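So you can see what is in the structure, the chains are spelled out below.
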Amino acid sequence: MRKSNQNKINHTSSYYAATANQKLNFSALQESIRTQVCIIGAGFTGINTAINLAKKGYEVVVIESARVGWGASGRNGGQLISGFTFSDKFEKEMGAEVAQSVWDLGAKATDLVRKRIEEFNIQCDLKEGFIEVALNRIQKNELIERKKDWDIRGYGHSLTFVEKEDVTKYVNSPNYIAGLIDSGSGHLHPLNLVLGEAKAAKDLGVKIYEQTKAEKIEYGKTAKIHTGNYQIEADYIVLAGNAYIDKLNKKLRRMIMPANSCIIATEPLDEERARKIMPEDMAVCDLNTILDYYRFSSDHRMLFGGRFNYSGTIPSDDRIKVEIRKRMLKVFPNLDDMKIDYAWGGNVAVTINRIPQLGKLTENVFYSQGYSGHGVAPTHMAAEIIASGITKDWDMIETLGKVKHIQLPGGKWFSGPAMALGMLYYQFQDYFASKR
Ligand SMILES: Cc1cc2nc3c(=O)[nH]c(=O)nc-3n(C[C@H](O)[C@H](O)[C@H](O)COP(=O)(O)OP(=O)(O)OC[C@H]3O[C@@H](n4cnc5c(N)ncnc54)[C@H](O)[C@@H]3O)c2cc1C
């Protein structure tokens, strides 16, 4: 958390903050107010729910304890990825029909982002194309099964499976034994997307207050949100704090595990060199649980990220530089001459079943969280579902509210040693899979 001399919380010093293409500043709340809907959290979930409601004529206020896009939305890997993966257990529990409709939501989410970008002419370096790469036979089989499953379920974009010899046409690293190319996914500059969306929300009449933290909520038919010296009365509340929800709602906090993910940005490569490394300029993820994800920025920097730890505390920028650089060099040893210009981290909210959690805490309090490191597209779908739950145009929120989500005992405890153990377990799983 970076504070200026006015004690304001500013964006983390990421490549994105350094290349933000608009200066949006919203003042803090300076009086007590009343509104129809108060949204807490100005990331993709909060801002897009606000847009959807404002379009339907609702009076909407968004409050954000730091800056618009300060959380995961403004600092993520920028990978715009379709789909949720869920287990057979989930399908058995919810039934095939519900499972298919949840799957459809994931499959259509990236199209919502494209629609937003087009509708509001948002400049955020959108590029199409994503390849998921396998490091071992188990992961290769997972990709083969995924393609089969998605083709049967009716994914509206093409999926192309490639063997080892062809993977290098997309990612010039010898590490991978197969890949699955998804034409429906891609990558973008996430901070510029959320800032563009916030500008659109403002133009639609949404009132946004930065540096305004919700400290306590009094639930009731008219709810009251306490923010320091001022209060907001609202008919509806939307909790969109995701991995940063912390003490505001203990129940939601216990449903997620905040984990760190960290990213480095190299100095710019010349374009020819960048294209030798990734000829098609796609976004890339491997299939490890403690995964590597990377892509080139529009100015040809390698943005390389990786899941880091489950301690809930973001490591120092210097440590991120050292650790993530090591991981980058395992994939691309020839980048060892490149200076690292930026390093930053953020929290992702992981759920036990890896499915986002949407629902209602009471009749007029809605929430969405737990995108498990995979939220750029799903947050936009969640925003549709929450908004139409409030306007009562679509009852998907009721369906999703029935999904069983495990609550973890003692949120804080679970962001400490037990999470570290969990991380170790997954590292072992990735290691043993690599030996098969
Ligand atoms: C390093 C990193 C890399 C990632 N990479 C990818 C990727 O490549 N692709 C992908 O799909 N997903 C990725 N993710 C996940 C994705 O960014 C998130 O799932 C998504 O942005 C969540 O959006 P959100 O709006 O729900 O939450 P956030 O963007 O985190 O917004 C929540 C906001 O709520 C505010 N808030 C919290 N509590 C309060 C309060 N009490 N009062 C007022 N405001 C409050 C916070 O300040 C924050 O700004 C990544 C995440 C991180 C951290």
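Note that the coordinates shown come from a computational prediction; the quantities given were computed from them, not determined experimentally.

Draft legend 1. Seen up close, the pairing of strand S6 (residues 127–134). Direction of pairing for S6 relative to strand S8 (residues 178–187): antiparallel, over a ladder of seven bridges. From the neighbouring strand, Glu128 faces S8, where its bridge partner is Gly186. Pairing of S6 with strand S14 (residues 283–286), which is carried by four bridges, proceeds in the parallel orientation. Bridge pairing in S14 places Val133 opposite Asp286.

Draft legend 2. Looking closely at unusual backbone geometry. Although it is not a glycine, Asn242 sits at a positive phi angle of roughly 45°. Take Asn242: it is sitting in the loop between strand S12 (230–239) and helix H8 (250–254). A positive phi angle is found at His300, which is not glycine, with a value near 65°. Relative to the helices and strands, His300 resides in the loop between strand S15 (292–296) and strand S16 (302–307). Classification of His300 by C-beta neighbours within 10 Å gives partly exposed; the count is 18.

Draft legend 3. Broad picture of the packing of helix H4 (residues 96–119) against helix H11 (residues 378–390). The N-to-C vectors of H4 and H11 enclose an angle of 90°; their axes lie 7 Å apart at closest approach. In terms of orientation, H4 and H11 fall into the roughly perpendicular class. Between H4 and H11, the residues in contact are Leu105, Gly106, Lys108, Ala109, Leu112, Val113 and Arg116 and Pro378, His380, Met381 and Glu384, respectively. By residue class, the composition of the contact of H4 with H11 is six nonpolar, two polar and three charged.

Draft legend 4. Here's a closer look at the site of the ligand. With respect to spatial proximity, 44 residues lie near the ligand, and among them Gly41, Gly43, Gly71, Gly77 and Gly375 are the closest. Elements with a minimum of two residues in the shell around the ligand: helix H2 (44–55), strand S13 (257–266) and strand S17 (340–350). Per-element tally for the shell around the ligand: the top contributor is S17, with four residues. Residue-level mapping places the shell around the ligand at the junction of two domains, with at least three residues from each of domain 1 (2–75 + 191–246 + 353–405) and domain 2 (127–177 + 257–350 + 408–436).

Draft legend 5. Structural view of H2. For H2, which comprises 12 residues, the first-to-last C-alpha distance of 16 Å matches the rise-based estimate of 16 Å (1.5 Å per residue) to within 8%. The element H2 is largely enclosed, with a buried count of 11 among its 12 residues. Of the residues making up H2, those classed as buried are Phe44, Thr45, Gly46, Ile47, Asn48, Thr49, Ala50, Ile51, Asn52, Leu53 and Ala54. For H2, the secondary structure elements touched by its buried residues are strand S3 (33–40), strand S4 (60–63), helix H7 (190–203), S12, strand S19 (365–369) and H11. Phi turns positive, to about 90°, at Gly57, one or two residues after H2.

Rules used in this analysis
Residues numbered from 1 in each chain as written. Predicted model: local features only at pLDDT ≥ 70, side-chain atom pairs only at ≥ 80, totals over all residues. Pairing = 2+ DSSP bridges. Helix = DSSP H or I, 4+ residues; strand = E, 2+ residues; numbered from the N terminus. Buried ≥ 20, exposed ≤ 12 C-beta atoms within 10 Å, placed from the backbone. Axes fitted to C-alpha atoms, helices over the stretch in contact; angles between N-to-C directions. Parallel < 35°, antiparallel > 145°, perpendicular 65-115°, else oblique. Contact = placed C-beta atoms within 7 Å. Nonpolar A, V, L, I, M, F, W, Y, C, P; charged D, E, K, R; others polar. Near = placed C-beta within 6 Å. Domains from an automatic or database assignment. Expected span 1.5 Å × (residues − 1).

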